[in-house]
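Residue-level structural notes
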Amino acid sequence: MSINLKSLIPVLHAEWTGSDNDIFVDHISIDSRSLQNGSETLFIALSGVNNDAHLYIHELIAAGVQNFVVQYIPESCIGKANFLLVKNTLDALQELAAYYRNLFYFPIIGLTGSNGKTIVKEWLNFLLSPDYNIIRSPKSYNSQVGVPLSVIAINEKHNLGIFEAGISTVNEMIKLEKIIKPTIGVLTNIGSAHDEGFESPEQKINEKLLLFKESEVIIYQKNILVDQSLNLFCAQYPLKNRNLFSWSFTDTSANVFILKKENKGELTHIQYQYKGAVFSLEIPFSDSASVENAISSLLVLLYLNYDSETIQNRVQNLYPVQMRLEVKNGINNCSIIDDSYSSDFESLKIALDFLESQQKKNASKTIILSDIVQSGFSNEELYSKVAQLIADNKINRVIGIGTTISAFAAKFSNGITFQNKAEFIAQIEHLNFENETILIKGARSFQFEEIVSLLEEKTHETILEINLNSISHNLNYYKSKLASKVKLMVMVKAFGYGNGGLEIAKLLEHHKVDYLGVAFADEGISLKNGGIKLPIMVLNPESTSFPSIIQYNLEPEIYSVKGLKAFLKIAREKDLKDFPIHIKLDTGMHRLGFEENTLGELIETLKGNTTVKVKSVLSHLATSDEVKHYDFVISQINLFEELSSRLISALNINPIRHILNTSGISNFPDAQYNMVRLGIGLYGVSNDPAEQKYLENVGTLKSIISQVRTIPVGDSVGYGRRFMAEKETKIATIPIGYADGISRLWGNLVGYVVIKNQKAPIVGNVCMDMLMVDVSHIDCKEGDSVIIFGETPTVIEMAIALKTIPYEIMTSISQRVKRVFFR
Ligand SMILES: *Cc1c(COP(=O)(O)O)cnc(C)c1O
């Protein structure tokens with residue numbers, strides 16, 4: 001793309017401030033952290049409730065970005081760049097995309113539905129790519145922001161588009177429709193996901209159908225609800241040549257009627273009737289969701305007039321779609337970002353941004369990249385662009401695999417190429433992978449999963465999977481509750497409540513939270529060693545740790561005169577000036593803090609001193625989640641107000657004040673002061689059931705079945721023979737026990753695990769490293785996946801059964817359980 005900026009003035013209803021010359025841009029960005037921002041970038045400053053990209057414009061100008069779409073021009077930036085001033089930058093992004101879309105006339109497939117959008121999109125891309133030059137949404141970029149960004153990537157060489165649209169409430173689809181304007185509409189499975197945003201299933205379907213307002217065909221699975229909605233829709237939005245093209249397992253009036261569906265091991269064989277004839281198709285999956293997605297894809301191929309033989313040939317090679325970017329531990333202290341299933345130019349950009357956000361301190365950045373298929377560019381142009389992108393992202397070494405990328409090896413200044421995967425694997429030992437963050441990105445046909453498994457550290461079977469997207473979601477949820485300018489400290493103590501300290505801190509830094517909080521100096525030191533630059537408050541600094549607190553620029557919470565004097569002594573010896581400290585007041589928790597009667601001495605000690613600077617004054621609520629203690633909390637807040645005000649006026653200082661934890665944020669919004677301290681909520685747990693439904697689950701503890709056996713009536717299971725079989729019972733053994741953090745109280749039929757979506761009660765005592773479950777009713781085998789907690793059972797449910805709180809369950813998961821992060 002290349003857009004003349006001034007041509008956008010009428011499109012965006014913008015006001016222009018800047019150079020008189022014609023200016024062209026070829027890259028749109030909304031991410032201030034992306035290393036891809038440069039002089040040809042048009043940066044659109046989106047402005048969320050608590051995340052305002054306008055704040056980073058001066059940094060971007062310093063980094064060479066010259067063109068911006070803004071809602072206001074920050075004072076320090078006036079005259080320093082070109083600005084398109086608009087009312088609302090999100091609207092502007094969408095208007096820009098809609099304008100851009102209208103410059104192209106080739107067919108566009110638009111997908112929506114509750115499930116299967118991304119899979120059908122990827123499969124259609126695979127099935128149609130022999131015949132078309134396809135542009136598609138990268139990953140699942142299907143939101144109000146993701147859709148415009150996907151569409152803006154179209155260029156002159158493309159001749160087919162495939163875009164997905166996801167909505168969570170009413171009035172969203174109409175905006176996406178203007179941007180995608182699909183000619184071919186596909187409604188995938190309409191399940192119950194995301195129903196909260198809609199009053200009824202009808203409303204949800206009606207809203208989704210709006211994507212197809214101007215589509216020449218709507219492809220869908222027939223059912224009563226959808227048919228009813230479609231009738232209404234067609235009456236409301238009449239269109240002369242609209243086709244409805246349906247399929248069904250049960251309704252013979254569908255255009256494609258599935259006569260037969262038969263499972264054959266890993267395959268499904270179907271027979272379908274179309275235009276009076278009967279055809280067969282083998283689908284290389286056995287689960288019903290995949291079969292439905294394959295049939296949706298089949299209908300698109302039929303609509304595009306493919307013959308049944310071509311369809312069979314291509315469908316038999318369908319593959320499982322990897323939906324997420326995973327970060328794995330690699331050999332020799334490497335980390336691996338596994339994106340081994342796609343290589344197109346747009347998804348490369350996304351993966352490189354992710355690589356940047358995950359890079360660990362002192363680790364260098366490596367990319368292993370296959371030939372890139374389908375870019376819409378000539379090879380010469382494509383590999384120049386790829387080389388530029390890689391240079392912009394400061395990648396330390398590039399390993400290209402494939403004949404095409406090898407032919408363009410000269411373009412990569414720090415590259416080495418191999419004709420094929422086998423040649424690379426033969427050399428892998430000599431490439432000395434060590435202390436690197438490695439992005440592995442390959443087109444499907446290269447099957448780079450083999451490289452991933454060679455470079456991956458071998459782990460034992462039990463893992464705690466951490467969903468980084470859910471953390472971002474929960475963070476944004478709490479951010480949206482904050483008044484403007486209220487800062488956010490996130491508590492990452494106890495290894496991020498058991499979820500992983502450094503990785504989560506990295507993500508929080510990426511999201512530009514203001515502060516991190518840890519319990520002990522060690523925790524802060526390991527974050528600083530990992531490259532975290534955010535200020536870190538240490539809640540419980542022992543005086544022996546003061547020197548290292550100073551050395552690592554951590555910020556101690558000071559809670560007693562004795563501690564203050566000890567810290568001052570060391571700080572003076574080191575001749576420090578204005579070293580940041582935090583003063584903790586005890587307002588009723590009676591754990592740590594200055595009490596009212598020590599305030600005088602505190603003021604005395606601090607008065608006139610220049611060695612330390614009171615960065616913040618805080619207190620902690622003893623109970624912010626129980627209605628019956630409401631009055632007590634108010635008395636704590638009042639006392640905090642009084643004591644902190646006295647301190648502030650006596651010392652004539654202007655510190656940050658903060659008292660709220662997660663439940664405090666929810667229940668005492670008037671006491672946000674200048675900052676809040678978010679803890680458990682970030683990790684997906686609220687103390688309030690009404691609020692819980694807005695949070696996403698973060699951690700899933702998984703294992704596998706080690707062994708399955710059937711025992712006769714009267715036999716027992718495990719230590720102490722606490723389980724006696726009353727009938728013949730099938731028992732599965734899972735390699736996780738109390739040493740991993742599973743309470744013994746969870747055994748003996750109190751608790752359960754989930755296997756194949758079914759509950760398997762824990763029988764007998766939980767052992768140190770193993771537990772046994774009853775799987776008599778479950779069709780399962782050795783190696784099958786087991787969920788210990790996550791969506792079900794939730795840690796909340798476990799906590800109730802075990803008479804404890806979710807905090808304890810989460811932080812008990814031992815460090816020998818590997819954490820795996822993904823998004
Ligand atoms: C742990 C902690 C928090 C966070 O509490 P949550 O209930 O997890 O939100 C806040 N402040 C202090 C002082 C803490 O120790």
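Since the structure is predicted, the reported quantities are computational estimates derived from the model, not experimental observations.

Basis of the calculations
- For every chain, the first residue of its written sequence is number 1, and the numbers climb from 1 along that sequence.
- Reporting in this predicted model follows two pLDDT cut-offs: at least 70 for local features of residues, and 80 or more for side-chain atom pairs to be given and counted; totals over whole chains, interfaces and linings ignore these cut-offs and use all residues.
- Calculation of side-chain values draws on the structure's entire complement of heavy atoms; hydrogens and water are dropped beforehand.
- Segment limits for the domains were obtained from an automatic or database-derived domain assignment.
- Throughout, a contact is declared for two residues whenever any of their heavy atoms are within 4.5 Å.
- When two parts are put together, the accessible area they lose, computed with a 1.4 Å probe and summed over both, is reported as buried area.
- When residues are grouped by polarity, Ala, Val, Leu, Ile, Met, Phe, Trp, Tyr, Cys and Pro land in nonpolar, Asp, Glu, Lys and Arg in charged, and all others, Gly among them, in polar.
- Planes of paired rings set the category: under 30 degrees apart is stacked, over 60 is edge-to-face and the rest tilted, where pairs are Phe, Tyr or Trp rings (Trp by its six-membered ring) whose centres lie within 6.5 Å.
- For each residue, the accessible area found with a 1.4 Å probe, counting protein chains only, is set against the maximum for its type, and the residue is called buried under 20%, exposed over 50%, and partly exposed in between.
- Any residue with a heavy atom lying within 4 Å of a molecule or strand is counted as near it.
- Here a polar contact is taken to be a pair of N or O atoms separated by no more than 3.5 Å, where protein atoms must pair a possible hydrogen donor with a possible acceptor and residues adjacent in sequence count only if both atoms sit in side chains.
- Computed with the Shrake-Rupley method and a 1.4 Å probe, the accessible areas treat only the protein chains shown as cover for residues.
- Numbered from the N terminus, helices here are DSSP runs of H or I no shorter than four residues, and strands are runs of E no shorter than two.
- At least two bridges found by DSSP between two strands are what make those strands a pair.
- Lines fitted to the C-alpha atoms define the axes, with helices restricted to the stretch that makes contact. Angles between their N-to-C directions range from 0 to 180 degrees.
- Throughout this description, the term salt bridge denotes a Lys or Arg side-chain nitrogen within 4 Å of a carboxyl oxygen of Asp or Glu.
- Seen with its strands pointing away from the viewer, a crossover is right-handed if its path from the first strand over the helix to the second goes clockwise.
- UniProt positions are given in the numbering used here, feature names are shortened, and annotations may be inferred rather than shown by experiment.
- Take the buried residues of types Ala, Val, Leu, Ile, Met, Phe, Trp, Tyr and Cys, join any two whose side-chain atoms come within 4.5 Å, and each joined set is a nonpolar core.

Okay, the domain arrangement of the chain next. Split by domain assignment, the chain resolves into domain 1 (3-92), domain 2 (104-316), domain 3 (334-455), domain 4 (468-691) and domain 5 (699-821). Look at where the C-alpha atoms of domain 1 and domain 4 centre, and you get two points 36 Å apart. With seven residues of domain 1 at the contact, the number on the domain 4 side is eight residues. Roughly 640 Å² is buried in total at the junction of domain 1 and domain 4, and carbon and sulfur atoms are behind 45% of that figure. Broken down by class, the residue content of the side of domain 1 that touches domain 4 amounts to two nonpolar, three polar and two charged.

As enumerated under the stated definition, the model contains 24 aromatic pairs in all. Residues W247 and F249 carry aromatic rings whose centres are separated by 5.3 Å and whose planes lie at 90° to one another, so their mutual orientation is edge-to-face. With relative accessibility at 2%, the residue W247 sits in the buried group. Taken together, a centroid distance of 5.0 Å and an interplanar angle of 80° make the contact between Y477 and Y478 edge-to-face. The two residues Y477 and Y478 agree in class, both being buried. Site record: aromatic cluster; members linked through ring pairs are F43, F68 and F83.

We now examine the site of the ligand. Every residue lining the ligand is accounted for by M491, K493, Y497, L539, R591, H620, N661, T662, R677, G679, I680 and Y807. Contacts to the ligand include G679, whose backbone N or O atom sits 3.1 Å from an oxygen atom. One nitrogen or oxygen atom from the main chain of I680 is found 2.7 Å from an oxygen atom belonging to the ligand. Considered on its own, the ligand offers 380 Å² of accessible surface; in the complex 95% of this is hidden by protein. Tallied by class, the residues present in the shell around the ligand amount to five nonpolar, four polar and three charged.

By the element assignment, S114 lies in the loop between strand 8 (108-112) and helix 4 (117-128). Judged by its relative accessible area of 10%, S114 is buried. Within the structure, S114 has its side chain in polar contact with the side chain of K204 (distance 3.4 Å).

A sheet is described by the order of its strands in space; here nine strands give the open sequence 9-10-8-11-12-13-14-15-16, paired in mixed fashion. Because the sheet does not close on itself, it has two edges, and the strands there are strand 9 (134-136) and strand 16 (277-283). Looking at each pair of strands side by side, their axes are set apart by 20° on average, direction ignored. With seven bridges joining them, strand 15 (residues 267-274) and strand 16 adopt antiparallel strand pairing. Along strand 16, the bridge assignment pairs Y272 with F279.

We now examine the pattern of salt bridges. Tallied over the full model, the rule gives 27 salt bridges. One salt bridge connects K365 with E356, and the closest N-O pair in it is separated by 2.6 Å. According to the relative accessible area criterion, E356 is partly exposed, its value standing at 25%. When salt bridges with common partners are traced through the structure, they connect K121, E122, R136 and E164 into a single cluster.

The buried count for strand 28 (residues 579-584) comes to six of six residues, which makes it a mostly enclosed element. Burial along strand 28 is two-sided: F579, I581 and I583 facing one way and P580, H582 and K584 facing the other are all buried. Judged from the two bridges that link them, strand 27 (residues 555-558) and strand 28 form a sheet pairing that is parallel. What sits directly across from I558, in strand 28, is I583. At this point the chain moves from strand 27, through helix 21 (residues 561-573), to the parallel strand 28, and the crossover so formed is right-handed. Relative to strand 29 (residues 612-618), strand 28 is paired through six bridges, and the arrangement is parallel. Within strand 29, the residue paired with I583 across the bridge is V617. A crossover connection joins strand 28 to the parallel strand 29 through helix 22 (residues 599-606); in handedness this β-α-β unit is right-handed.

Glancing now at the UniProt feature "active site" (unreviewed entry) in the chain. Following the UniProt record, one finds the feature "active site" (unreviewed entry) at K493 and Y719. In summary, the annotated positions, distributed over 227 residues, remain apart in three dimensions as well, the widest C-alpha pair reaching 35.5 Å. Relative to the helices and strands, K493 resides in helix 17 (residues 493-497). What makes K493 partly exposed here is its relative accessible area of 25%. Among residues more than four places away in sequence, those in contact with K493 are G517, V518, A519, E523 and L539. If you trace the backbone, Y719 turns up in the loop between strand 34 (716-717) and strand 35 (723-724).

Let us now look at the sheet that holds strand 7 (residues 82-85). What the five strands build is an open sheet, ordered 2-7-6-5-4; its pairing is mixed. This sheet does not close on itself; its edge strands, each paired only once, are strand 2 (15-17) and strand 4 (27-29). Direction aside, the axes of adjacent strands within the sheet are offset by 20° on average. Where strand 2 meets strand 7, three bridges bridge the pair, whose relative direction is antiparallel.

Okay, the nonpolar core next. L516, F567, I583, I755 and V773 are the most contacted members of the largest nonpolar core, which totals 134 residues. Those residues in contact with F567 that sit more than four places away from it in its chain are F546, I549, I550, P556, I558, F579, I581 and V612. Counting 50 residues, the second largest nonpolar core, distinct from the first, contains V25, F106, I179 and L187.

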